[in-house]
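# Breakdown of the fold
Listed here are the chains, written in short residue letters.
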Amino acid sequence: RVEITTAMLQGIKVTKLNNYEDKFEARVAEARQREVKLVKKEQFVWGMTLVIRVCTPVIATAATLVTFVLVSEKNVLTASDTFTILMLFNMIKFPINQAGQLLSKAALGIQAMQRIGPFMDREDGKGDHATYQESSLRVAPTTGDDKIALE
């Protein structure tokens with residue numbers, strides 16, 4: 001969307017002369033619709049991740065307690081067993097939640113390395129960067145105590 005708008009603004013004379021405003025407006029609106037769809041998808045994924053992150057420890061704790069009781073008739077939940085299990089799950093909840101963030105940060109780091117890798121692999125002096133142009137001022141050689149004159 002930004003590229004389309006920038007292209008239109010750079011060629012504003014041609015745009016006005018040929019009456020392309022409506023075409024550019026339609027292209028910007030279409031790009032905006034695609035962008036809004038992607039943002040909605042991203043927000044949906046983020047919301048589902050948050051729900052999973054909040055519900056997973058509760059479901060895991062409940063499943064553990066139910067499994068403990070159903071495995072054997074001798075297993076009876078007492079206050080000490082219940083509080084011990086709850087404390088253990090409470091202690092591991094934070095590291096498990098942080099593991100998801102660690103994976104997302106690792107993915108961002110890998111993506112950044114893939115983007116910057118080709119730039120860093122370039123040899124000095126080779127590439128498509130801008131070249132230095134020498135100044136048009138030239139120093140005229142002089143002898144004696146004369147000052148340097150610029151041509």
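Residues numbered from 1 in each chain as written. Predicted model: local features only at pLDDT ≥ 70, side-chain atom pairs only at ≥ 80, totals over all residues. Heavy atoms only, no water.

## Side note on the overall build of the chain
- Summing up its helical and strand segments, the chain has four helices and two strands in all.
- Split into buried and exposed, the 151 residues of the chain put 7% on the buried side.
- Accessible area for the chain stands at about 13700 Å²; split by element, carbon and sulfur atoms hold 63% of it. (Helix = DSSP H or I, 4+ residues; strand = E, 2+ residues; numbered from the N terminus. Buried < 20%, exposed > 50% of the residue type's maximum accessible area, 1.4 Å probe, protein only. Areas by Shrake-Rupley, 256 points an atom, 1.4 Å probe, with all protein chains shown as cover.)

## Observations concerning the confidence of the model for the chain
- Per-chain confidence: the chain averages 78 in pLDDT, with 79% of residues scoring 70 or above.
- Low pLDDT (under 50) marks residues 129–140, which in the prediction has ten contacts with non-local residues, meaning those over four places away or in another chain. (pLDDT = per-residue confidence, 0-100. Contact = heavy atoms within 4.5 Å.)

## Section: the layout of surface pockets
- In this structure, the largest pocket encloses a volume near 220 Å³.
- Lining the largest pocket are Trp46, Thr49, Leu50, Ile52, Arg53, Ile96, Asn97, Gly100, Gln101 and Ser104.
- Every element with two or more residues in the lining of the largest pocket is listed here: α3 (21–71) and α4 (79–121).
- Grouping the constituent residues of the lining of the largest pocket by class yields four nonpolar, five polar and one charged. (1 Å grid on protein atoms, 1.4 Å probe; cavity = no way out; pocket = protein on both sides within 12 Å on 5 of 7 lines; lining within 4 Å. Points joined across faces, edges and corners; volume = space filled by probe spheres on them. Nonpolar A, V, L, I, M, F, W, Y, C, P; charged D, E, K, R; others polar.)

## Examining α4
- With 43 residues, α4 should cover 63 Å at 1.5 Å per step; its first-to-last C-alpha distance of 62 Å lies within 8% of that length.
- At arginine 115, α4 is deflected by roughly 35°, the largest bend along its length, and proline proline 118 occurs up to four residues later in sequence. (Expected span 1.5 Å × (residues − 1). Bend = angle between axes of the 7 residues up to and from the residue.)

## Structural notes on α3
- In this model, α3 (51 residues) spans 72 Å end to end at C-alpha, consistent with the 75 Å of a helix rising 1.5 Å per residue.
- Where α3 bends most, the angle comes to about 35°, and this point is cysteine 55, followed within four residues by the proline proline 57.
- Looking only at α3, the buried set comprises Phe24, Ala31, Pro57, Thr61 and Leu65.

## Quick word on the packing of α3 against α4
- Orientation of α3 relative to α4, taken along the N-to-C sense of each, is 145°, at an axis distance of 10 Å. Crossing handedness for the pair α3 and α4: right-handed. Of the residues in α4, those in contact with Arg53, Pro57, Ala60, Thr61, Thr64, Leu65 and Phe68 of α3 are Asp81, Ile85, Leu86, Phe89, Lys93, Asn97, Gln98 and Gln101. (Axes fitted to C-alpha atoms, helices over the stretch in contact; angles between N-to-C directions. Left-handed = near helix turned anticlockwise from the far one by under 90°.)

## So, the pattern of salt bridges
- Tallying each qualifying case throughout the model produces two salt bridges.
- A salt bridge links glutamate 30 to arginine 34, with the nearest nitrogen and oxygen atoms 3.0 Å apart. With glutamate 30 and arginine 34 both in helix α3, this residue pair falls four residues apart, about one helical turn.
- On the basis of relative accessible area, glutamate 30 is assigned to the partly exposed category, the value being 45%.
- Ionic pairing is found between arginine 32 and glutamate 35, a salt bridge with its closest N-O pair at 3.8 Å. (Salt bridge = Lys/Arg side-chain N within 4 Å of Asp/Glu carboxyl O.)

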